[in-house]
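Remarks on the overall topology
Given next are the chains, with one letter for each unit.
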Amino acid sequence: MSWLDRRAGIALALLGAAIVAVVALTTPWATMRGAPAVPPDPSLDFTAAEIARSRAFDAATSVPSYLSLGLTVLFAGVLVATPWGARMLAGLKGPWWLRVLLGVVVLTAVVELLRWPLGVWFEGELREFGLSTQNWASWTGDRLKSIGVRTAITAIMVLAVVALARRFARWWIPAAVGAFMLTVGASFVYPVVFEPVFNDFRSMPAGQLRTDLLELAERADVPVEDVLVADASRRTTALNAYVSGFGATRRIVVYDTLLAAPEKEVELIIAHELGHAKYDDVLHGTLLGALGAGFGAVLLFCVAPLWKRPLSEPVATAAIMGFLSLATVLSGPGQNLVSRHIEARADLHALDLTRDPRTFVAMQKRLAITNISDLSPDVVEYVLYASHPTAPQRIAMARSWELMKAP
């Protein structure tokens, strides 16, 4: 078989074209076209002390974050480019499927043990700045649950690849279809299966806020089944809310830490989240993720001949895991770019729905100060980590909106 199977190459090109098309057609590239340009300026809305605190928090958390990212890339590179991972797994015993599962667990355990001190460092900084309310037992439990979920998903993917490679010469076809379907399925079950693993939810008691949020959803033409409160305060002081699920599972979720904020600000946050539901951002994101997963499966088939060991062997688990990890890291900046435009459109939806730019500005200030947002990230941080516009950018957008709507 040639290094690049012709049919796989055609499929790779078609999937790549589909991804570009979905991004081009569903991403709101010009959200505020024609609006007066108001430049973002942190000094207009934040005190010198607040800006200094933001910079101090960024400096304190950047080092463990970059080290963790570097360690992830290094470990993945070693698995992909060297035989070390395969040699490490060669001693595992049992049927092939058991060796694959054990390989995923072993390699995950190695990288997570290496990353654990960095996680402790980062958590310590969160506590130092008052963002974390967890004790070490609670933090460890949450981290282990997160690792467990990721390991289970990785095991399913790797086991499927090896199983298909053992049975089909052109295994990329069922692998691409399976990756697509797994991504879609995970997106639909996540709200009801995985979210309860990390938080407890209760229906918001009857009252003015619940009534107003349901009326807001009705005005936005976004049906929701319930308004839930998540017990986020058991781990953080940060403020947040989101709209979760599809159809019968769609619900507004409010962090309990947000309940002390002024009601109008809470409504604006929910108006933003309803914008995501109105424009089917989760569905578009799911489609994009599913196409990306299919693309990754075909790309894996195309590069597999570069490795000495075929992917049908259990020791190939190492190379597959390294490939998946590198693909996740490398796709991050592109996902962030698209996400920032989608978040800007949700902000515009909130402004159009509430027509209250002054409260929008107050809400963004509260979020930025409480969550200690980075008010002026450098280019590298913005590209690697910023899935949302900065608070000054969002405030500037609100002021542009106000000038555009002024009589």
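Residues numbered from 1 in each chain as written. Predicted model: local features only at pLDDT ≥ 70, side-chain atom pairs only at ≥ 80, totals over all residues. Heavy atoms only, no water.

Moving on: the pairing of strand β3 (residues 241-244). With burial as the criterion, each face of β3 is covered, one bearing Ala241 and Val243 and the other bearing Tyr242 and Ser244. In this sheet, strand β4 (residues 251-255) lies alongside β3 in antiparallel orientation, the contact comprising 4 bridges. From the neighbouring strand, Ala241 faces β4, where its bridge partner is Val254. (Buried < 20%, exposed > 50% of the residue type's maximum accessible area, 1.4 Å probe, protein only. Helix = DSSP H or I, 4+ residues; strand = E, 2+ residues; numbered from the N terminus. Pairing = 2+ DSSP bridges.)

Most of strand β2 (residues 226-230) sits out of view: 5 of its 5 residues are buried. Of the two faces of β2, the one holding Asp226, Leu228 and Ala230 and the one holding Val227 and Val229 are both buried throughout. Bridge count for strand β1 (residues 201-203) against β2 is 3 bridges, and the pairing is antiparallel. Counted as the bridge partner of Arg202 is Val229 from β2. Inspection of the sheet shows β2 paired to β4 by 5 bridges, in the parallel sense.

Turning our eyes to something else, we now look at the sheet that holds β2. Neighbouring strands of a sheet are bound in pairs by backbone hydrogen bonds; such pairs are parallel or else antiparallel. Ordered in space as β1-β2-β4-β3, the 4 strands form an open sheet in which the pairing is mixed. Edge strands, defined here as strands with exactly one partner in the open sheet, are β1 and β3. Taken over all neighbouring pairs, the strand axes of this sheet differ in orientation by 30° on average, direction set aside. Taken strand by strand, helix α9 (residues 263-278) contacts β3 and β4, and its axis lies near 30° from that of β3. (Axes fitted to C-alpha atoms, helices over the stretch in contact; angles between N-to-C directions. Contact = heavy atoms within 4.5 Å.)

So, on to the confidence of the model for the chain. The share of residues in the chain with pLDDT of 70 or more is 98%, and the mean pLDDT across the chain is 94. Between the elements of the chain, mean pLDDT differs from a low of 87, seen in helix α7 (residues 195-198), to a high of 98, seen in helix α4 (residues 96-128). (pLDDT = per-residue confidence, 0-100.)

Membership of the largest hydrophobic core comes to 45 residues, with the highest contact counts inside it found for Trp171, Val298, Leu300, Trp307 and Leu311. If you list the elements that add at least two residues to this core, you get α1 (6-26), α2 (48-81), α3 (84-89), α4, α5 (136-167), α6 (172-193), α10 (281-303) and α11 (317-354). Ignoring anything within four residues of it in the chain, the contact list for Leu311 reads Val161, Val162, Ala165, Trp171, Leu300, Ala304, Ala316 and Ile320. Counting residues in each nonpolar core, the second largest holds 43 residues, with Leu216, Val222, Leu367 and Trp401 among its members. (Core = buried A, V, L, I, M, F, W, Y, C linked by side-chain atoms within 4.5 Å.)

Along the chain, the position of Pro196 falls in helix α7. Look at Pro196 and you get partly exposed, because its relative accessible area is 40%. Residues within four places of Pro196 in sequence aside, it is in contact with Pro191 and Phe201.

This part covers a nonpolar patch on the surface. Together, Phe188, Val189, Val192, Val193 and Leu283 make up an exposed nonpolar region whose accessible area comes to about 390 Å². Top contributing element to the nonpolar patch by residue count: α6, with 4 residues. Relative to the helices and strands, Val193 resides in helix α6. Its relative accessible area of 43% is what places Val193 among the partly exposed residues. (Patch = residues over 30% accessible without salt bridge, like charges linked within 9 Å, V, L, I, M, F, W, Y side chains within 5 Å. Areas by Shrake-Rupley, 256 points an atom, 1.4 Å probe, with all protein chains shown as cover. Salt bridge = Lys/Arg side-chain N within 4 Å of Asp/Glu carboxyl O.)

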